[in-house]
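Here is what each chain is made of, one letter per residue.
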Amino acid sequence: MNQLEALRQYTTVVADTGDFRQLAQFQPQDATTNPSLILKAVQKAEYAPLLQQSVAGAAGRHIDELMDRLIVRFGCEILQLIPGRVSTEVDARLSFDTAATVARAERIVAMYRAEGQDPSRVLIKVAATWEGIEAARILEERGIRTNLTLLFSFAQAVACGQAKVQLISPFVGRIYDWYKSRAGSNWDEAAMAGANDPGVQSVRAIYHHYKHFGIATEVMGASFRNVGQITALAGCDLLTISPELMAQLQASDAPLQRALDPEAARTLQLEPVRYDEAGFRYALNQDAMATEKLAEGIRAFAADAAKLEQLMQAAAAA
């Protein structure tokens, strides 16, 4: 079997794309989207009808409602092609507003329901700020499942576990990017590959903590830069992978062994960790990488959300 098939023995494979026409080739269980992926997809001619459908009858509707209509349209199309769940992201500009995040998430779920979709197949993506984690806690209590994204630190993961969120998405590739950039010419790619990759090590620590202490939150590694990062996390609950990297896995028949195992995690000697708000903020502040990448990620997703708004306003005015 190829590596993609082998990976599926241990891990749920998730497609990381807004270009849902690519999904059939790889047959993922779930799919994730974000503002950047939707922005990229919606500029392709084949997705123009979805944009037009989303702005139809736009008179009197606020642009943020039209944005949600668009991302839900993409989500509905994706749900027709996969057996599992789709993750749909709340506007990153609300990352520090708990009440607004909850309201926006509830509207998105209501839109899915109005389209005849089962809300249990939808995960609401929220940035893993303190406010976002609190919003996720409230949403989970109301029966809305969440996916906490832009997660770079152990402290964020611990707080998400305490909030009993459904799933977290630690960003392997962006952690790798930060350390590689800091090292500059001293970076040794071969020495820092596989299990030594700092992004891989971050996910392994989170996975071990969750499995050791029986935390039900699912771990989904995300934002991969190379196949080695993926194979080093075989056995993680889920991995969300771009179509390009899935194609590389599909083309390789190199052996692939399980790297993460819940039974092995339970045998480790680990100390329990908990955070209140002050402790969380301090721990995040002490982690320069996580602080910088979280801020950078929110800025990038917010900028792409603004660009998507501009496209929709132009389409509505046309």
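Read on for an overview of the structure. (Residues numbered from 1 in each chain as written. Predicted model: local features only at pLDDT ≥ 70, side-chain atom pairs only at ≥ 80, totals over all residues. Heavy atoms only, no water.)

Strand order around the closed barrel formed by 8 strands is β1-β2-β3-β4-β5-β6-β7-β8, with parallel pairing between neighbours. For this sheet, the mean angle separating the axes of adjacent strands, direction not counted, is 30°. Across 2 bridges, strand β2 (residues 30-32) lies against strand β3 (residues 86-89) in parallel orientation. Among the inter-strand pairings, T32 is bridged to a residue of β3, identified as S87. (Pairing = 2+ DSSP bridges. Helix = DSSP H or I, 4+ residues; strand = E, 2+ residues; numbered from the N terminus. Axes fitted to C-alpha atoms, helices over the stretch in contact; angles between N-to-C directions.)

All right, on to the nonpolar core then. I168 and I241 are the most contacted members of the largest nonpolar core, which totals 98 residues. Non-local contacts of I241, meaning those with residues more than four positions away in its chain, are made with L7, V13, V14, A15, D16, F224, I230, M246 and L249. Core analysis: the second largest hydrophobic core is formed by 5 residues, V14, L167, M220 and L238 among them. (Core = buried A, V, L, I, M, F, W, Y, C linked by side-chain atoms within 4.5 Å. Buried < 20%, exposed > 50% of the residue type's maximum accessible area, 1.4 Å probe, protein only. Contact = heavy atoms within 4.5 Å.)

Turning to the side chain of E309, a few remarks are in order. Position of E309 relative to the elements: it lies in helix α15 (residues 288-317). On the accessibility criterion, E309 (14% relative accessible area) is buried. Setting aside anything within four residues of it in sequence, one finds E309 in contact with I63, M67 and R93.

Packing of helix α9 (residues 172-183) against α15 brings their axes to within 10 Å, and their N-to-C directions diverge by 120°. Our classification of the angle between α9 and α15 gives oblique. Both α9 and α15 take part in a crossing whose hand is right-handed. Residues R174, I175, D177, W178, Y179 and R182 of α9 form the contact with α15, whose participating residues are A288, M289, E292, K293, G297 and F301. Of the residues assigned to the contact of α9 with α15, the class counts are 6 nonpolar, 1 polar and 5 charged. (Parallel < 35°, antiparallel > 145°, perpendicular 65-115°, else oblique. Left-handed = near helix turned anticlockwise from the far one by under 90°. Nonpolar A, V, L, I, M, F, W, Y, C, P; charged D, E, K, R; others polar.)

Now for the pattern of salt bridges. The final tally for this structure, using the stated rule, is 27 salt bridges. Linking E218 and R85 is a salt bridge whose minimum nitrogen-to-oxygen distance equals 3.1 Å. One end of the pair, E218, is in strand β7 (residues 218-221); the other, R85, is in the loop between α5 (63-79) and β3, and 133 residues separate them in sequence. What you see here is one network of salt bridges that share partners, running through D64, D68, D91, R93, R104, R107 and E309. (Salt bridge = Lys/Arg side-chain N within 4 Å of Asp/Glu carboxyl O.)

Turning to the packing of aromatic side chains, a few remarks are in order. Per the stated rule, a full pass over the model turns up 7 aromatic pairs. Each residue in the set F20, Y47 and F74 is aromatic and connected to the rest through ring pairs, giving one cluster. (Phe/Tyr/Trp six-rings, centres within 6.5 Å; stacked < 30°, edge-to-face > 60°.)

So, on to the side chain of Q3. Checked against the element boundaries, Q3 lands in helix α1 (residues 3-7). On the basis of relative accessibility, which here comes to 8%, the residue Q3 falls in the buried class. Residues in contact with Q3, not counting those within four places in the same chain, are V227, T231, L249, S252, A254, P255 and L256.

As a packed pair, helix α7 (residues 130-141) and helix α14 (residues 277-286) sit with axes 11 Å apart at the nearest point and diverge in direction by 135°. The orientation of α7 relative to α14 falls into the category oblique. In this structure, α7 contributes W130, E131 and I133 to the contact, and α14 contributes E277, F280 and R281.

We now examine the environment of G297. With respect to the element layout, G297 can be found in helix α15. Setting aside its immediate chain neighbours within four residues, G297 contacts L150 and R174.

This part covers the environment of E189. Structurally, E189 is set in the loop between α9 and α10 (198-212). The exposure class of E189 is partly exposed, given its relative accessible area of 34%. Here E189 is in contact with Y176 and K180, once residues within four sequence places are set aside. A distance of 2.8 Å separates a polar atom in the side chain of E189 from a polar atom in the side chain of W187. (Polar contact = N/O pair within 3.5 Å; in protein donor to acceptor, adjacent residues only side chain to side chain.)

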